[in-house]
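# Understanding the architecture of this molecule
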Amino acid sequence: MLFGSGGFLVTARPDAAPPARPRGASLGRRLAAFLIDVSPGFVLTWIAVGGAPFALLEHPMFSPDIVAALPAVVALGVGWAGGRLGDASLGRAPGKRAMGLVVVGSDGRPAPLGRRILRSLLALVPVCAPPVMLFVLVHPLADGPAEVLSGTAVVDARDPLG
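The residue count restarts for each chain, going from 1 along the sequence in the order it is written. Where local features are concerned, this predicted model is filtered to residues with pLDDT of at least 70; where side-chain atom pairs are given and counted, the filter is 80 or more; whole-chain, interface and lining totals use all residues. Side-chain numbers come from the whole structure's heavy atoms, not from hydrogens or water.

### Looking at helix H2 (residues 66-90)
By definition, any uninterrupted DSSP run of H or I lasting at least four residues is a helix, any uninterrupted run of E lasting at least two residues is a strand, and each is numbered from the N terminus. Expected helix span is given by 1.5 Å per residue-to-residue step, counting one fewer step than there are residues. Helix length check: H2, at 25 residues, gives a terminal C-alpha distance of 34 Å against a target of 36 Å (1.5 Å per residue), a fit within 8%. Ala 72 marks the point of greatest bend in H2, at about 30°. Residues Ala 69, Ala 72, Ala 75, Leu 76, Gly 79, Trp 80, Gly 83, Arg 84, Gly 86, Asp 87 and Ala 88 constitute the buried set of H2. Two residues or fewer after H2 comes Gly 91, characterised by a positive phi angle close to 90°. In this scheme, the bend at a residue equals the angle between the axes fitted to the seven residues that finish there and the seven that begin there. Relative accessibility decides the category of a residue: with a 1.4 Å probe and only protein chains considered, values under 20% of the type maximum give buried, values over 50% give exposed, and everything between is partly exposed.

See below:
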């Protein structure tokens, strides 16, 4: 398998084929879920800091002045933390719930708590460097870097087992 994603496909019997897993969610649905998750952080930061709400959209990665980008850092951090708590504890954050997505194990079964926590921590990388999520476009199952490294997948909740 490409990118080492097959490393997490473990079965009870060595001769048994791994269960089928549907293709990961599209980049568009993931982006929409992310925007839903970070919205409360942006609103709270805008209320606390004031100013133009669109100033919060300047991603810190593209700003040479970290002090000027600090409100955006706080907004992204609050949104990321809230979403990751939902992912780790419930299997999906509010954004994923709204978009009909769920986090499962790479074998299509419900993801164990440890893998959900690891995925939640690894999900900080695309928040800090958004171009990393383009990995979804080249992965054969449309998994992001956090999913590949944690042995999880973000799939349509209506069909998590394929």
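### Quick look at unusual backbone geometry
Even without glycine at this site, Ala 142 takes up a positive phi of about 60°. Inspection of the secondary structure assignment puts Ala 142 in the loop between helix H6 (135-138) and helix H7 (145-150).

### Concerning a nonpolar patch on the surface
A cluster of nonpolar side chains, contributed by Leu 44, Ile 66, Val 67, Leu 70, Val 73, Val 74 and Val 78, occupies part of the molecular surface with about 600 Å² of accessible area. Inspection of the secondary structure puts Val 67 in helix H2. Only residues whose relative accessible area exceeds 30% and that take part in no salt bridge are eligible for patches, with like-charged residues grouped when within 9 Å of each other and nonpolar side chains (Val, Leu, Ile, Met, Phe, Trp, Tyr) grouped when within 5 Å. Shrake-Rupley sampling with a 1.4 Å probe provides the accessible areas, and residues are treated as covered by the protein chains on show and by no other component. For salt bridges, the criterion is a side-chain nitrogen of Lys or Arg within 4 Å of an Asp or Glu carboxyl oxygen.

### With respect to the packing of helix H1 (residues 27-49) against H2
Lines fitted to the C-alpha atoms define the axes, with helices restricted to the stretch that makes contact. Angles between their N-to-C directions range from 0 to 180 degrees. Close contact between H1 and H2 brings their axes to 7 Å; oriented N to C, the two are set at 135°. Classified by the angle between their axes, H1 and H2 sit oblique to one another. For the pair H1 and H2, the crossing hand works out as right-handed. Each of Phe 34, Asp 37, Val 38, Gly 41, Phe 42, Thr 45 and Val 49 in H1 lies in contact with H2, whose residues at this interface are Pro 71, Val 74, Ala 75, Leu 76, Val 78, Gly 79, Trp 80, Gly 83 and Arg 84. Any residue that is not Ala, Val, Leu, Ile, Met, Phe, Trp, Tyr, Cys, Pro, Asp, Glu, Lys or Arg is counted as polar, Gly included; the first ten are nonpolar and the last four charged. Split into classes, the residues belonging to the contact of H1 with H2 amount to 10 nonpolar, 4 polar and 2 charged. Note on terminology: angles under 35 degrees are roughly parallel, angles over 145 are roughly antiparallel, angles of 65 to 115 are roughly perpendicular, and the others are oblique. It is the rotation of the near helix from the far one that decides the hand of a crossing: anticlockwise by less than a right angle makes it left-handed, clockwise makes it right-handed. In this description, contact between two residues means that some pair of their heavy atoms is separated by no more than 4.5 Å.

### Some remarks on the nonpolar core
Across soluble globular proteins, you tend to see nonpolar side chains buried next to one another. Formed by Val 38, Phe 42, Leu 56, Ala 75, Leu 76, Trp 80, Ala 123 and Val 127, the largest nonpolar core amounts to 8 residues. Ranked by residues supplied to this core, first place goes to H2 with 3 residues. In contact with Trp 80, other than residues within four places in its own chain, are Val 38, Ser 120, Leu 121, Ala 123, Leu 124 and Val 127. Ala 25, Leu 101, Val 103 and Ala 111 belong to the second largest nonpolar core, which has 6 residues in total. To qualify as a nonpolar core, a set must consist of buried Ala, Val, Leu, Ile, Met, Phe, Trp, Tyr and Cys residues joined through side-chain atoms within 4.5 Å.

These figures capture arrangement, not role.
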